[in-house]
Amino acid sequence: MAIQPIDLSVVYSQMDNVAKFNASQNQLVQSANQQGRDRTAEQNLERSKTVQEAAKQEVSSTTIKNDLQEGGAGSGPQGSGGRKKRRTGAEEEDAAPPQEFTDPCLGNRIDIIG
């Protein structure tokens, strides 16, 4: 049983169609991967912006706390200025550091009922 030339032309055209289909599938997979990478990069960028904004807010709240400790609302940039209290080294040493309470049973008991 010999292969006829007409059979070869059909086989070659079918192989061409299969190759085109496989190439299009590969391109779809690559574009989906690229979109996933882009989406992940955008999410990471948003997270980093959120962290930076939180850090800025923390710095401003620390400034407010320091202003309140140094003399209240009048000692701010709009206030009278020169009436800030200055802590000396002896006063800072006299202030006891806050003690931390630790529970010796912490982590030993697990509540499986609740």
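Quick notes on the rules
- Residues numbered from 1 in each chain as written.
- Predicted model: local features only at pLDDT ≥ 70, side-chain atom pairs only at ≥ 80, totals over all residues.
- Heavy atoms only, no water.
- Helix = DSSP H or I, 4+ residues; strand = E, 2+ residues; numbered from the N terminus.
- Buried < 20%, exposed > 50% of the residue type's maximum accessible area, 1.4 Å probe, protein only.
- Areas by Shrake-Rupley, 256 points an atom, 1.4 Å probe, with all protein chains shown as cover.
- Patch = residues over 30% accessible without salt bridge, like charges linked within 9 Å, V, L, I, M, F, W, Y side chains within 5 Å.
- Salt bridge = Lys/Arg side-chain N within 4 Å of Asp/Glu carboxyl O.
- Lys, Arg positive; Asp, Glu negative; His and termini not counted.
- Charge placed at Lys NZ, Arg CZ, Asp CG, Glu CD.

Peer 1: Sorry, what's going on with the overall build of the protein chain here?
Peer 2: For the protein chain, the count of helices and strands is two helices and zero strands. Here the protein chain, with 114 residues, has 3% of them falling under the buried criterion. Approximately 11,000 Å² of the protein chain is accessible, and the part contributed by carbon and sulfur atoms is 55%.

Peer 1: So what exactly am I meant to see when it comes to a nonpolar patch on the surface here?
Peer 2: Taken together, the side chains of Ile3, Leu8, Val11, Tyr12 and Met15 define a hydrophobic patch exposed on the protein surface, amounting to about 530 Å² of accessible area. Position of tyrosine 12 among the secondary structure elements: in helix 1 (residues 5-70).

Peer 1: Any chance you could explain the pattern of salt bridges here in plain terms?
Peer 2: Two side chains that carry opposite charge are able to pair once their charged atoms sit near each other. Under the definition given, this model contains one salt bridge. When the shortest N-O distance is used, the salt bridge between aspartate 16 and lysine 20 registers 3.4 Å. Highlighted residues: aspartate 16 and lysine 20, both in helix 1, separated by four residues, approximately one helical turn.

Peer 1: Would you take a moment to explain a negative patch on the surface for this structure?
Peer 2: Among the surface-exposed residues, Asp38, Glu42, Glu46 and Glu53 lie close enough to one another that they form a single negatively charged patch. Following the sequence through the fold, glutamate 53 ends up in helix 1.

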